[in-house]
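If you want the building blocks of each chain, they are given just below.
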Amino acid sequence: QVQLVESGGGLVQAGDSLRLSCAASGRTFSRYATMGWFRQAPGKEREFVAALTWTGTMTNYEDSVKGRFTISRDNAKNTVYLHMTRLNPEDTAVYYCVVRNGPGVIYSAHDVSYWGKGTLVTVSS
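In this text the structure is predicted, and so the values were computed from the model without any measurement. (Residues numbered from 1 in each chain as written. Predicted model: local features only at pLDDT ≥ 70, side-chain atom pairs only at ≥ 80, totals over all residues. Heavy atoms only, no water.)

Student: Where do I start with the state of the cysteines in this structure?
Tutor: Any covalent bond linking the sulfur atoms of two cysteines counts as a disulfide. This model, assessed by the stated rule, comprises one disulfide. There is a disulfide in this structure between Cys22 and Cys97, and the S-S distance comes to 2.1 Å. Negative torsions about the S-S bond denote left-handed disulfides, and the value of about -80° found for Cys22 with Cys97 makes this one left-handed. In this pair, Cys22 is assigned in strand E3 (residues 18-25) and Cys97 in strand E9 (residues 93-100), connecting sequence segments 75 residues apart. You'll find Cys22 and Cys97 in the same group, each marked buried. (Disulfide = S-S within 2.5 Å. Helix = DSSP H or I, 4+ residues; strand = E, 2+ residues; numbered from the N terminus. Buried < 20%, exposed > 50% of the residue type's maximum accessible area, 1.4 Å probe, protein only.)

Student: Please explain the pattern of salt bridges as it appears in this structure.
Tutor: If charged atoms from side chains of opposite charge come close, those side chains can pair. Under the criterion given, the structure shown has five salt bridges. As a salt-bridge pair, Arg39 and Glu47 come within 2.7 Å of each other at their nearest N and O atoms. Here Asp91 and Arg39 are joined by a salt bridge, their closest N and O atoms 3.0 Å apart. Placement of the pair is Asp91 in the loop between strand E8 (79-84) and E9 and Arg39 in strand E4 (residues 34-40), with a sequence separation of 52 residues. Like Asp91, the residue Arg39 is buried in the burial classification. Where salt bridges share partners, they join Arg39, Glu47, Arg68 and Asp91 into one cluster. (Salt bridge = Lys/Arg side-chain N within 4 Å of Asp/Glu carboxyl O.)

Student: What's the story with the nonpolar core in this structure? I'm lost.
Tutor: Generally speaking, soluble globular proteins have nonpolar side chains that are buried together. If you look at the biggest cluster of nonpolar residues, it comprises 28 residues, and the most contacted ones within it are Leu20, Trp37, Val49, Phe69, Leu82, Met84 and Tyr95. Breaking this core down by element, the ones donating at least two residues are E3, E4, strand E5 (47-52), strand E7 (69-74), E8, E9 and strand E11 (119-124). Excluding its chain neighbours within four sequence positions, the residues that come into contact with Tyr95 are Glu6, Leu20, Trp37, Phe38, Arg39, Val49, Phe69, Leu82, Met84, Gly118, Thr119 and Val121. Phe48, Ala51, Val98 and Ile106 belong to the second-largest nonpolar core, a separate cluster that totals six residues. (Core = buried A, V, L, I, M, F, W, Y, C linked by side-chain atoms within 4.5 Å. Contact = heavy atoms within 4.5 Å.)

Student: Explanation requested: unusual backbone geometry in the structure shown.
Tutor: The general pattern is negative phi for most residues beyond glycine and trans for most peptide bonds. Backbone geometry at Asn78 places phi at a positive 50°, although glycine is not the residue there. On the secondary structure map, Asn78 appears in the loop between E7 and E8. Owing to a relative accessible area of 29%, Asn78 belongs among the partly exposed residues under this scheme. At Arg86, a position not held by glycine, the phi torsion is positive, near 45°. Turning to its location among the elements, Arg86 is positioned in the loop between E8 and E9.

Okay, structure coming up:
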């Protein structure tokens with residue numbers, strides 16, 4: 001099993017920045033895992049946000065966050081980060097850390113092996 005623990009959520013104002021962190025643990029966690037983030041806004045379906053391969057050479061982002069969000073990772077700590085800038089109320093959601101426990105990309109929930117419990121980000125106008 002793999003455990004994912006997110007942190008860094010909170011209440012911010014429009015235009016602010018926030019950084020989410022997610023630490024992965026578990027004896028079956030693959031060093032080649034792709035890590036990423038999904039989010040679910042109130043009343044909406046869960047959607048992909050960003051993902052990053054273990055080498056850090058391949059990233060992909062949902063269109064609405066391109067240029068505002070940056071995903072990064074520290075493989076020594078099995079931790080992935082999501083640095084969010086120029087936040088707006090439409091970014092309000094529960095953000096979930098995800099892992100594809102092996103090499104490859106994450107584009108949809110079908111690509112995900114494990115999910116975190118989520119951390120709430122609220123952006124006020």
